[in-house]
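# Per-entry structural report
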Amino acid sequence: MRADVRADMAAGALTVRTRHARPRVRLMPQLTGWGFVGPATLVIVGLSIFPAVWALILSLRDDNLLAPGSFVGLQNYSDLLDDPDLRAATLHTLLYSVLYVPGSLVIGLPIALALNRPIRFRAFYRTCLFVPYVVSAAATGILANFILDPQFGIVNDLLAGAGIARQGFLQDPSQALLTLVVVSLWGSVGLPIVVYLAALQDIPRELVEAARVDGAGALRVFRAVTLPQLRPATVFLVIWQTIDALQLFDLVYTTTKGQPLDSTTVIVFYLYQQAFQLFHAGYGAAVAYALFVVTLIASGAALWHARRGEAPS
């Protein structure tokens, strides 16, 4: 009898220990995972979230980063509405975005369609088209200064050899912004090409073959099958390229510095001038947060339009 009681007590104790051990066993993988991602999380918090909060506080102050400032509330944001230079920079940014975003898609999609076909040296062509994208925009800007120089640039030498007058390009107020768009497209069209290539390879062959069996030609297959299947990739690229366009800075900094005649001063470069050249740090932070809100609205509008288009009628 005593042996049975002892056995029951031992079994009960083992059950209790097992119940206490199970949460520990379940918790160990989580602790191990956090041990790996914890340092990276601290870096992200330290280098992104904290500066963002600090910039928000700074946007509510009249501060030059050198001397103690004062709290001004929403005055900096109110001043944005009456700033003619900011309006000009906004127009330049919008014009750049309108040309750059659709241009990158219009150029990238046909190239992706061509590289998706079984042609010789296809991998080589893909590499050549993607290499400019991985090169920094600063290096691209320095290269553009050399080849587009009005006097010594190779592009103007080719134009002169063809009997065409030399162009000002980055030094001509009427051409500078358009030239930046062309340089940006050369440097970044690799991303749409790669994204569209990946999307094209995910299109089920059965859909294309079924459309051909029904008598659809190449153009009809492209419009009825390929384009709808590329819709998610297009939405992603529109959002990504729009954010990229609104944040244009390094290419302007390494080429024109906002000149000539402020014709290439975009929002982020104007922000840089206000915060780090004129030391209007509070006002510059307000410009940054206004741009952040605009970027969120533009991204949300693109997603809403995409989901609305996918909704069944």
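Cut-offs and rules
Sequence order as written defines residue numbering, which begins from 1 separately in each chain. At least 70 in pLDDT is required for a residue's local features to be given in this predicted model, at least 80 for side-chain atom pairs to be given and counted, and no such filter applies to totals for whole chains, interfaces and linings, which use all residues. As a convention, hydrogens and water are excluded, and side-chain values are obtained from all of the structure's heavy atoms. UniProt positions are given in the numbering used here, feature names are shortened, and annotations may be inferred rather than shown by experiment. Stacked, edge-to-face and tilted labels apply to pairs of Phe, Tyr and Trp rings (six-membered ring for Trp) whose centres lie within 6.5 Å, assigned for plane angles under 30 degrees, over 60, and everything in between, in that order. Here the term buried applies to any residue with accessible area under 20% of the maximum for its type, exposed to any over 50%, and partly exposed to those in between, with areas from a 1.4 Å probe on protein chains only. Axes here refer to lines fitted to C-alpha atoms; in helices the fit is confined to the stretch in contact. Angles between the N-to-C directions go from 0 to 180 degrees. Secondary structure is summarised from DSSP: a helix means a run of H or I of at least four residues, a strand means a run of E of at least two, and numbering begins at the N terminus for each. Each angle gets one of four labels, with under 35 degrees taken as roughly parallel, over 145 as roughly antiparallel, 65 to 115 as roughly perpendicular, and the rest as oblique. By the convention used here, residues are in contact when the closest approach between their heavy atoms is within 4.5 Å. Classification convention: Asp, Glu, Lys, Arg as charged; Ala, Val, Leu, Ile, Met, Phe, Trp, Tyr, Cys, Pro as nonpolar; all other residues, Gly among them, as polar. For the purposes of this section, nonpolar cores are sets of buried Ala, Val, Leu, Ile, Met, Phe, Trp, Tyr and Cys residues that join through side-chain atoms within 4.5 Å. Without a salt bridge and with relative accessible area above 30%, a residue can belong to a patch; like charges are then joined within 9 Å and nonpolar side chains (Val, Leu, Ile, Met, Phe, Trp, Tyr) within 5 Å. To measure how exposed things are, a 1.4 Å probe is used in the Shrake-Rupley method; for residues, cover is taken only from the protein chains shown. When a carboxyl oxygen of Asp or Glu lies within 4 Å of a side-chain nitrogen of Lys or Arg, that pair is called a salt bridge. Expected span of a helix: the number of residues minus one, times 1.5 Å. Under the rule applied, a polar contact is a pair of N or O atoms within 3.5 Å (in protein, one hydrogen donor and one hydrogen acceptor; residues adjacent in sequence only if both atoms are side-chain atoms).

As annotated in an unreviewed UniProt entry, the protein chain is ABC transporter permease from Planotetraspora kaengkrachanensis. The UniProt entry for the protein chain carries this comment under Subcellular location (unreviewed entry): "Cell membrane". Within the UniProt record for the protein chain, the comment given under Sequence similarities (unreviewed entry) is "Belongs to the binding-protein-dependent transport system permease family."

## Here's the deal with the packing of aromatic side chains
This model, assessed by the stated rule, comprises 11 aromatic pairs. An angle of 25° between the planes, with centres 5.6 Å apart, marks the rings of Phe249 and Tyr253 as stacked. A residue is classified by how much of its surface remains accessible, and Phe249, at 22% relative accessible area, is partly exposed. Owing to a relative accessible area of 32%, Tyr253 belongs among the partly exposed residues under this scheme. By the ring-pair criterion, three or more aromatic residues cluster together here, those being Phe249, Tyr253, Phe269, Tyr272 and Phe276.

## Notes on the packing of helix α4 (residues 122-134) against helix α8 (residues 190-201)
Where α4 meets α8, the axes come as close as 7 Å, and the angle between the chain directions of the two elements is 135°. As the angle between them shows, α4 and α8 are arranged oblique. Contacts between α4 and α8 involve Arg126, Leu129, Phe130 and Tyr133 on the former and, on the latter, Gly190, Leu191, Ile193, Val194, Leu197 and Gln201. Across the contact of α4 with α8, the residue classes break down as 7 nonpolar, 2 polar and 1 charged.

## Here's the deal with the nonpolar core
Core analysis: the biggest nonpolar cluster contains 20 residues, and Tyr196, Ile203, Val225, Leu230 and Leu237 have the highest contact counts within it. When contributions to this core are tallied by element, the ones reaching two or more residues are α3 (84-115), α8, α9 (205-213), α10 (218-229) and α11 (231-246). Formed by 19 residues, the second largest nonpolar core is a distinct cluster that contains Leu177, Val183, Leu185 and Val252.

## Examining a nonpolar patch on the surface
There is a patch of nonpolar side chains on the surface, built from Ile142, Leu143, Phe146, Ile147, Ile154, Leu158 and Trp186 and spanning about 730 Å² of accessible area. Elements with a contribution of two residues or more to the nonpolar patch: α5 (137-147) and α6 (154-161). Here the nonpolar patch takes 4 residues from α5, the largest share from any one element. Mapping Leu158 onto the fold places it in helix α6. Overall, Leu158 belongs to the exposed group, its relative accessible area being 59%.

## Remarks on unusual backbone geometry
In this structure, the amide linkage connecting Gln259 to the following residue, Pro260, adopts the cis form with an omega of -5°. In this structure, Pro260 sits in the loop between α12 (250-255) and α13 (267-277). In the Ramachandran plot, Lys257 falls in the positive-phi region, its phi being about 55° despite a non-glycine side chain. Positionally, Lys257 belongs in the loop between α12 and α13. With relative accessibility at 41%, the residue Lys257 sits in the partly exposed group. Located in the positive-phi region is Leu261, a residue other than glycine, with phi close to 55°. Along the chain, the position of Leu261 falls in the loop between α12 and α13.

## Notes on α3
Between its first and last C-alpha, α3 extends 46 Å over 32 residues, near the 46 Å set by a 1.5 Å rise per residue. Between the side-chain oxygen at the start of α3 and the backbone nitrogen of Asp85 there is a gap of 3.0 Å, and the oxygen is on Asp83.

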